[in-house]
Amino acid sequence: MNVGILGGGQLGYMLALAGYPLGLQFRFLDPSPEAPVGRIALRVNADFTNGEALERFAHGLDIVTYEFENVPAAAVATLAQRVSVFPPPLALEVAQDRLREKNLFRKLGIATPDFLPVSKPAELDAAVEKLGLPAVLKTCRMGYDGKGQWILRHPGDLARAKSEMPALLEAGTSYLGEAPFVLERFVPFSRELSILAVRSRSGEVIFYPLAENHHRQGILRLSLAPAPRLESHIRLAAEGAARRVLEALDYVGVLAIELFEVDGQLLANEMAPRVHNSFHWTIEGAVTSQFENHLRAICGYPLGSAVATGHSAMLNLIGEVPDPSEVLGIPDAHLHLYGKSSRPGRKLGHVTLRASSYQQLAESLATLPVFFQRPSFCLEAAAKVASGSASG
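One structure accompanies this document, and this report is about it.

The rules behind the values
Residues numbered from 1 in each chain as written. Predicted model: local features only at pLDDT ≥ 70, side-chain atom pairs only at ≥ 80, totals over all residues. Heavy atoms only, no water. Helix = DSSP H or I, 4+ residues; strand = E, 2+ residues; numbered from the N terminus. Buried < 20%, exposed > 50% of the residue type's maximum accessible area, 1.4 Å probe, protein only. Pairing = 2+ DSSP bridges. Axes fitted to C-alpha atoms, helices over the stretch in contact; angles between N-to-C directions. Contact = heavy atoms within 4.5 Å. Patch = residues over 30% accessible without salt bridge, like charges linked within 9 Å, V, L, I, M, F, W, Y side chains within 5 Å. Areas by Shrake-Rupley, 256 points an atom, 1.4 Å probe, with all protein chains shown as cover. Salt bridge = Lys/Arg side-chain N within 4 Å of Asp/Glu carboxyl O.

## Quick word on unusual backbone geometry
Thinking step 1. Following Leu133, the chain continues into Pro134 via a peptide bond in cis, with omega recorded as 0 degrees.
Thinking step 2. By secondary structure assignment, the location of Pro134 is in the loop between α6 (121-131) and β7 (135-139).
Thinking step 3. For the bond from Ala225 to Pro226, the omega torsion is -10 degrees, close enough to zero to count as cis.
Thinking step 4. One can find Pro226 in the loop between β13 (219-225) and α8 (232-248).
Thinking step 5. Phi at Arg229 is positive, roughly 50 degrees, even though this residue is not glycine.
Thinking step 6. Not every positive phi belongs to a glycine, and Cys378 is a case in point at roughly 60 degrees.
Thinking step 7. Structurally, Cys378 is set in the loop between α12 (358-366) and α13 (379-391).
Thinking step 8. Overall, Cys378 belongs to the buried group, its relative accessible area being 3%.

What follows is the structure, given as structure tokens:
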């Protein structure tokens, strides 16, 4: 089966690595001549809006998917007229617009932080007056890893955001939609969680264990899975929310939903219609990785087990990478480098540590080399979480 993937970054790279043992063949479309997938698969280098390139890309494909949600919806709709596309174009359209996404959550009875649309800087004051400070202003479209967001705590933050909003409007980041910005009430969450669900073409649904996530500067740094100290009602609430979204969108593939835990309840933050960074641990830490299960789902194959095979910690490598020998000398440590050039804030790879208990996981985290002993890796908090879970 010939699979086309829109986007050629590390997620596409890991999809291909998971798919080759299944006998799948891959072709990628990506504007960058440096996209990592060029090392392992045929890559069409062209803009996603290039009609001729879309025709060339689609020729001979059995199915198309995408590895990130900022692919132009029009390009996906064009491809859907020629070849089956999963997840369905509607899911991509919803996920591309934070306001539309939150309205879907509300329609399905999934709780979210309070929010208001903001069309222009002049409307921000009134929205802040209704929701209060602190609050978070976000662009409705684009923006990831902390980009396109302003945390508003003081009047000075409000003034700065208002001064920067016009440039984004002029740049066209609003595209189409009800409003180019959304203001959210700041949530004093106890922790951030994510759930990954998989739905097959026949409607079969499975869930991976929830992951607990730690961020710095808006970028995911570390995920612990299965999430420690997780009460059953939290798990069931997360699974119920994911199932409702899957069914409402007639979804096929993997779907991630990022969540806030607040006073023993869940609030939905946003969703990603693709494989997700917080579940990279599944490559070594689950019976079937998220990458393989996404491919199984879209190709019409039976889904694999999502059961965790132990306790895992996944650490993102941001901006620089360690000496491989320092990582590979740690028992049950797994290094993944994406073949990308270094620059500040760029995801260059990840490391997964796996253990049979949270206590052993905490001990493994403590033995990581000096490279990881910096606040950005969140190891101190993660070790406390892991060891605390082991003891109670």
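Now that the structure has been shown, we can carry on.
## Concerning the sheet that holds strand β8 (residues 149-152)
For sheets, the rule is that strands pair by backbone hydrogen bonds, running either parallel or antiparallel.
Thinking step 1. Ordered in space as β6-β9-β7-β8, the 4 strands form an open sheet in which the pairing is antiparallel. In this open sheet, the two edge strands, each paired with only one partner strand, are β6 (115-118) and β8. This sheet shows a mean twist of 20 degrees between the axes of neighbouring strands, independent of strand direction.
Thinking step 2. The sheet contact formed by β6 and strand β9 (residues 181-185) spans 4 bridges and is antiparallel. Bridging across to β9, Val118 finds its partner in Phe181.
Thinking step 3. Strands β6, β7, β8 and β9 of the sheet are contacted by helix α5 (residues 98-107), whose axis makes an angle of about 150 degrees with β6.
Thinking step 4. The sheet strands contacting α6 are β6, β7, β8 and β9, and the helix crosses β6 at an angle near 175 degrees.

## Looking at a nonpolar patch on the surface
Thinking step 1. Taken together, the side chains of Met1, Leu22 and Tyr301 make up a nonpolar region of the molecular surface, amounting to roughly 220 Å² of accessible area.
Thinking step 2. On the secondary structure map, Met1 appears in the segment before β1 (2-6).
Thinking step 3. With a relative accessible area of 36%, Met1 lands in the partly exposed category.

## Some thoughts on the side chain of Ser312
Thinking step 1. Locating Ser312 in the fold gives a position in strand β16 (residues 311-318).
Thinking step 2. With relative accessibility at 1%, the residue Ser312 sits in the buried group.
Thinking step 3. The contacts of Ser312, once residues within four sequence positions are left out, are Ser223, Leu224, Ala225, Trp281, Gly285, Thr352, Leu353, Arg354 and Leu361.

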